[in-house]
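If you want the building blocks of each chain, they are given just below.
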Amino acid sequence: MRATVLPISLTLSLFLLITQALAQETSSLTDGNQDPHAIVNDVVKPGTEVDIDEDQDDVYEAVKNGKIRPFSELYDEVESDLYGRIIKVELEENDGEWIYELKIIHDGTIVQAQYAAATLEMRLLKGHNLKNVLKSATLTVESP
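Cut-offs and rules
- Residues numbered from 1 in each chain as written.
- Predicted model: local features only at pLDDT ≥ 70, side-chain atom pairs only at ≥ 80, totals over all residues.
- Heavy atoms only, no water.
- Helix = DSSP H or I, 4+ residues; strand = E, 2+ residues; numbered from the N terminus.
- Buried < 20%, exposed > 50% of the residue type's maximum accessible area, 1.4 Å probe, protein only.
- Polar contact = N/O pair within 3.5 Å; in protein donor to acceptor, adjacent residues only side chain to side chain.
- Contact = heavy atoms within 4.5 Å.
- Salt bridge = Lys/Arg side-chain N within 4 Å of Asp/Glu carboxyl O.

A. Here's a closer look at the side chain of histidine 106. Here histidine 106 shows up in strand 3 (residues 97–106). Given a relative accessible area of 18%, histidine 106 falls into the buried group. A distance of 3.3 Å separates polar atoms of two side chains, one belonging to histidine 106 and the other to aspartate 107. Other than its neighbours up to four places away in sequence, histidine 106 contacts Tyr83, Gly84, Asn132 and Val133.

And the structure:
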């Protein structure tokens, strides 16, 4: 079975620009020509849709203050924790904490995961056959 490739959201450029700005330790907004919402994505993964509905200034400030890690680091963490391919990433702020919400497909099953954006700690994993998705025995699955 072949998975359908989803269109890549235009907000992918957000991750790239934020990571570049932080690496240079300068504000990329000083010239007034760049979209602050276009500063988070430093890697483009084909077939991965990225959705960031939060205010661009809030996202920029959260990245500057270490509350959001770049997508490339999230992707590396997910690859070390789980089998499958990320098909959707949402970045949301919930009660003062930034959360990456993911949809991952593995063997035809879609699972949902949440990672803290600041620490990249997995907070939630739900779906069917979760033991088949986990790479490490040290990660635990909580039954509903």
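B. Structural detail: the pattern of salt bridges. Within the structure shown, the criterion is met by five salt bridges. Ionic pairing is found between glutamate 90 and lysine 88, a salt bridge with its closest N-O pair at 3.3 Å. The buried category is assigned to glutamate 90, whose relative accessible area is 18%. A salt bridge links glutamate 97 to arginine 123; the shortest N-O distance between them is 2.7 Å. With glutamate 97 in strand 3 and arginine 123 in strand 5 (residues 122–126), the pair connects residues that are 26 residues apart, well separated along the chain. Look at glutamate 97 and you get partly exposed, because its relative accessible area is 28%. Connected through salt bridges with shared partners, the residues Glu97, Glu121 and Arg123 form a single ionic network.

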